[in-house]
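One letter stands for each residue in the lines below.
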Amino acid sequence: MKRLLVIVLCGFAGFAAVPHRAAADTCGIPTKGTLWVDFADGSVPFWQLFARPGVIAAAANFIYPPQLRAAGARTVYWDMNFRLRVGTPLEPFDPAVVINRANRLYSTAAMSSGCSRPMIAENELNGANTLTPWTATNAQYRRNVLIYVQTLAALGAKPVILVPSAPYMGGEAADWWRQISNYADIVRESYFHARPVAKQGPVEGSRTLRAMFRKRIAEFTDVGIPASKLGLMLGFQTTRGAGGREGAPRKAWLQVTKLQALAARQVAGETRLRSLWSWGWAAWTKAQADPDKPAAACVYLWTRNPKLCDGPAMAGPTFNTSRTEGQLVLGPGTRCTLYGRPITERTIAGLTAVTGDGDAAFSAAFGRAVTTALVPLKAKQIVLAERAIVTGRFGGSYGRYRAALAKAHASLGTARGVIADELRRMAIGPGMRVGSPSSADVREYYQTYGESQARLVQTKSAAPWLGNRKRGFALESTAPPQLFSIRQGGWRKVRTMRGTYQVRALGSPVPLGAIPFGLARPAVVTALRTLAQADRYEAWLLARERALVEQALCRRDVQPQTGVVPLTDYLPFLAAD
C-alpha cells in the first residue's frame, strides 16, 4: 500500500499544492491542552449561545464564523460534505480531483477563518470498519483520504477526520490509520441513549460514560496512535434513533448532558486527549427543533466552565447542580472512595507487602471500607487492643511484637489496620444469629480436637469465650492464650482485645479429650457457634461488598474484586481472642 501511494503522489505532483511556509498564527486555537469544540453554524437556531469568549465554534461558509469571532469565540471550519472532496468507497474520485478540491477547500477555510492555518473538520469518513483486504475502489478511497489530508497539511491547515464507527485495525488498515494520524487529528463519534444512563444514576451512569469514552480512544491508541492526535465527539441529537436524548424527560436529559461533559473531561485528562466536540444542536428539520436544546447546550457549557453560561438558571429548580457527584474526585494517594471514605494507596501497599498480592490487598482494603462505615473506631480502642496482644502473646515485649511484624512484612500501621478489622468483626459478628450445632457436630469436634488444651476457669463478668457465662472450660482455640499460663487460685487480670477480665483458674490445663464429654459439651458448643458466626460474618461481608462495589469511586474506574481476604491468616497473632 505504501509503495502504491508513493507512485500516486508522484504521478500527480503537478496538481499538488506547493508546501506552504509555516504561518505564525494558529487562528487563535491553542496548540496545547484539550480543545472543546462546539458545532454552532447557522443551522443551530441558538448559535449565539456559543458566540462568547472561551468557546471554539465549528461553522462553515462566510456568514456565521465572522459573527462568532466578533463576539469573542474562536472558530474552526466545518466541512459537512467530505464525500464531495474524495468520493466514496464505491466511487472514489480521481486523485487529481482530490488534490484540486483540497486546495480549493483550504482557500475557503482560510478566508472563512480569517487566518492561514485553519483547523478543518471533515464530516465524515465512510467505511471506517471495512475489513481488509480492501476492494480496489475502497483502497483508492482510502488513498484519496490520505492524499487529501496531506495536501491540507502541506498548505498549513490542521485537518480533523470524523469517524462514525469502530475502525477496523487488522492487516494494512492499521498502517493506514497511523499514516492518517501523521497529517490529521482523528475524532471518534461517541453517541449513546440518555435514558439508560439516567436510570443508572450519577455514579454508575458516569462510570458507563467514562468506560465508553476510554474504549473509543483505545481503538486507536492500541495500534500506536497517540491520544494527542485523537478526539471524541459527543452527541446531543433529539431525533429518535440517532443516539442522544432518545425521548428522555427534560430533567433526565439535562442531568445526562452534565454527566457526559464531566465524563469526557475526566477521560481527556487521563489520556491527554486533543479535543472534545459537541454535535446535534442543529435543527435542519422540524423534528430536530427540540425546545430543550438551548437549555442542554447551556448546561453543557456551564458544566465545562460556569462562566460560559448559567446552566442552573436555564435548567430550572429541579436541576442537580453538583459537578462532583459520581465523579472521580480523588485526593493525592487515594485509590478509591466509598461514600467519601478514602481507600489509600498507602493502605493497599502495606497489605500488598503482607499478602504478596496487590489484588488481594485492594479487596481487603475495600472490605475494610465497608465495615468502617458501620463501626467507627477511636484510635484509643485500637491502641488498647494492640497492648492486649503484646501483653498476652508477646509477654509484654514490644520488641518481640515488632520483630514478628517485620518477619511478616507488616508495618505498625498495617498491623493496627488489621487489629481494627478484628475489632469491627467482633462488634458485628455476635449480632448474627446462628443455629445450635448438631449432636454429631459436637461429638466430631470433641474427637477431632481432643488433644487441644482446655482449662476450667471462672470470671467475674460473663465472657464470650465461655459462652457468655462466668464459669466453664475455656478452649485454646477460642480463649485468650493467657488463661493457660496464669497460676491456679487467685484472681488475675487478663487483658484481651475485647477488654479486661478478672479471671481465676480453677484447675490446670488438660487435653479436651480428657474431660468427660458431658462436661466438655458446653465449651465445644461455644467453639462451634463461634466458627458458625465467623462463617456468617464472611458471607455477610461478601454480600455487602457486592452490593457496594459499584458505588465506590476508583481511579480510572478500576474497581476492587469482591472477596473476603483473611488477613489474620498472614498475621495470626493479631486474630481476635
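Keep in mind it's a predicted model, so treat the numbers as computed, not measured. (Residues numbered from 1 in each chain as written. Predicted model: local features only at pLDDT ≥ 70, side-chain atom pairs only at ≥ 80, totals over all residues. Heavy atoms only, no water.)

Side note on the state of the cysteines
As used in these notes, a disulfide is a covalent bond between sulfur atoms, one from each of two cysteines. Let me state the cut-off plainly: Any pair of cysteine sulfurs within 2.5 Å is marked as a disulfide. The helix count covers DSSP runs of H or I at least four residues long, the strand count covers runs of E at least two residues long, and both are numbered beginning at the N terminus. Between buried and exposed lies partly exposed: a residue is buried under 20% and exposed over 50% of the maximum accessible area for its type, with that area taken using a 1.4 Å probe on protein chains only.
Under the counting rule described, the total for this entry stands at 3 disulfides. Two residues share a disulfide in this structure: Cys 298 and Cys 309, whose sulfurs sit 2.0 Å from each other. Handedness here is read from the sign of the S-S torsion; for Cys 298 and Cys 309, about -105°, the answer is left-handed. Placement of the pair is Cys 298 in helix H9 (residues 293–304) and Cys 309 in the loop between H9 and helix H10 (311–315), with a sequence separation of 11 residues. For Cys 298, a relative accessible area of 0% translates into the label buried. Take Cys 309: its relative accessible area is 9%, and that puts it in the buried class.

Describing the nonpolar core
Defined as follows: Working definition of a nonpolar core: buried Ala, Val, Leu, Ile, Met, Phe, Trp, Tyr and Cys residues. They are joined through side-chain atoms within 4.5 Å. Any two residues whose heavy atoms approach within 4.5 Å at even a single point are treated as in contact.
Among the nonpolar cores identified, the biggest contains 108 residues, and Phe 50, Trp 78, Tyr 148, Trp 177, Phe 213, Trp 277 and Trp 281 are the most heavily contacted of them. Ranked by residue count, the leading element in this core is helix H8 (residues 250–271), at 10 residues. If we skip the residues at most four places from it in the chain, Trp 281 touches Phe 39, Val 44, Pro 45, Phe 46, Phe 50, Phe 236, Lys 293, Ala 296, Ala 297 and Tyr 300. The next biggest cluster of nonpolar side chains, apart from the first, holds 46 residues, and it includes Cys 336, Ala 360, Ala 369 and Ala 420.

Remarks on the side chain of Gln 237
Relative to the helices and strands, Gln 237 is located in the loop between strand E7 (230–235) and H8. Setting aside chain neighbours within four positions, we find Gln 237 in contact with Tyr 191, Ala 242, Gly 243, Gly 244, Arg 245, Trp 279 and Gly 280.

Notes on the packing of aromatic side chains
Selection criterion: Stacked, tilted and edge-to-face pairs are distinguished by plane angle, under 30 degrees for stacked and over 60 for edge-to-face with tilted covering the rest, among Phe, Tyr and Trp rings (Trp via its six-membered ring) whose centres lie within 6.5 Å. Note on criteria: charge over ring means Lys NZ or Arg CZ within 6 Å of the ring centre, with the direction from the centre no more than 35 degrees off the ring normal.
Counting across every chain of the model gives 24 aromatic pairs. Ring plane angle 75° and centroid distance 6.3 Å describe the contact between Phe 46 and Trp 281, whose orientation is recorded as edge-to-face. On the criterion of sequence distance, the pair formed by Phe 46 in the loop between strand E1 (35–39) and strand E2 (56–59) and Trp 281 in the loop between strand E8 (275–279) and H9 is long-range, its members being 235 residues apart. Here Phe 46 and Trp 281 have matching classes, each one buried. Between Trp 47 and Tyr 64, the ring centres sit 5.2 Å apart and the planes meet at 70°, which makes this aromatic pair edge-to-face. In this pair, Trp 47 sits in the loop between E1 and E2 while Tyr 64 sits in helix H2 (residues 64–70), placing the two residues 17 residues apart along the sequence. Judged by its relative accessible area of 24%, Tyr 64 is partly exposed. Linked through ring pairs, Trp 36, Phe 46, Phe 50, Phe 236, Trp 281 and Tyr 300 together constitute an aromatic cluster. A cation sits over an aromatic face here: Arg 323 above Trp 302, 5.7 Å from the ring centre.

Topic: the packing of helix H7 (residues 194–221) against H8
For clarity, the threshold we go by: Helix axes are fitted to C-alpha atoms over the stretch in contact, other axes to C-alpha atoms as well, and angles between N-to-C directions run from 0 to 180 degrees. Orientation is classified from the angle alone, with under 35 degrees giving roughly parallel, over 145 giving roughly antiparallel, 65 to 115 giving roughly perpendicular, and any other angle giving oblique. Two helices that cross are described as forming a left-handed crossing if the nearer one is turned anticlockwise from the farther one by less than a right angle, and a right-handed crossing if clockwise. Side-chain classes are defined by residue name, with Ala, Val, Leu, Ile, Met, Phe, Trp, Tyr, Cys and Pro counting as nonpolar, Asp, Glu, Lys and Arg as charged, and the others, Gly among them, as polar.
At a minimum axis separation of 9 Å, H7 and H8 run at an interaxial angle of 30°. As far as their axial angle goes, H8 and H7 are roughly parallel. Here H7 and H8 pass one another in a crossing that is right-handed. Residues Ala 194, Val 197, Ala 198, Gly 201, Pro 202, Ser 206, Leu 209, Arg 210, Phe 213, Arg 214 and Ile 217 of H7 form the contact with H8, whose own contacting residues are Ala 252, Trp 253, Val 256, Leu 259, Gln 260, Ala 263, Ala 264, Gln 266, Val 267, Glu 270 and Thr 271. Classifying every residue of the contact of H7 with H8 gives 14 nonpolar, 5 polar and 3 charged.

Considering helix H6 (residues 172–181)
Of all 10 residues in H6, 7 are buried, a share of seventy percent or more. For H6, the set of buried residues is Ala 173, Ala 174, Trp 176, Trp 177, Gln 179, Ile 180 and Ser 181.

Quick word on the pairing of strand E4 (residues 119–122)
So the rule is basically this: Between any two strands, at least two bridges found by DSSP are needed for them to pair. The path from the first strand over the helix to the second decides the hand: if it runs clockwise while the strands point away from the viewer, the crossover is right-handed.
Here E4 shows no split at all, with Met 119 and Ala 121 on one side and Ile 120 and Glu 122 on the other all buried. Here E4 pairs with strand E5 (residues 158–163) via 4 bridges, running parallel. By the bridge assignment for E5, Ile 120 is matched with Pro 159. Note that the unit made of E4, helix H5 (residues 136–155) and E5 has a crossover that is right-handed.

Looking at helix H12 (residues 358–372)
Rule in force here: Multiplying 1.5 Å by the helix residue count minus one yields the expected span of that helix. Two N or O atoms count as a polar contact when they lie within 3.5 Å, although within protein this holds only if one can serve as hydrogen donor and the other as acceptor, and sequence-adjacent residues are included solely when both atoms are side-chain atoms.
For H12, with 15 residues, the first-to-last C-alpha span of 21 Å sits near the 21 Å given by 1.5 Å per residue. Among the 15 residues that make up H12, 12 are buried, leaving the element largely enclosed by the rest of the structure. Those residues of H12 not exposed but buried are Ala 360, Ala 361, Phe 362, Ser 363, Ala 364, Ala 365, Phe 366, Gly 367, Arg 368, Ala 369, Val 370 and Thr 371. Those residues of H12 that are buried lie in contact with strand E9 (334–338), strand E10 (341–344), helix H11 (345–355), helix H15 (412–428), helix H17 (517–548) and strand E16 (553–554). If you check the start of H12, you find a side-chain oxygen 2.9 Å away from the backbone N of Asp 359, and it comes from Asp 357.

Shape is all these values report; function is a separate question.
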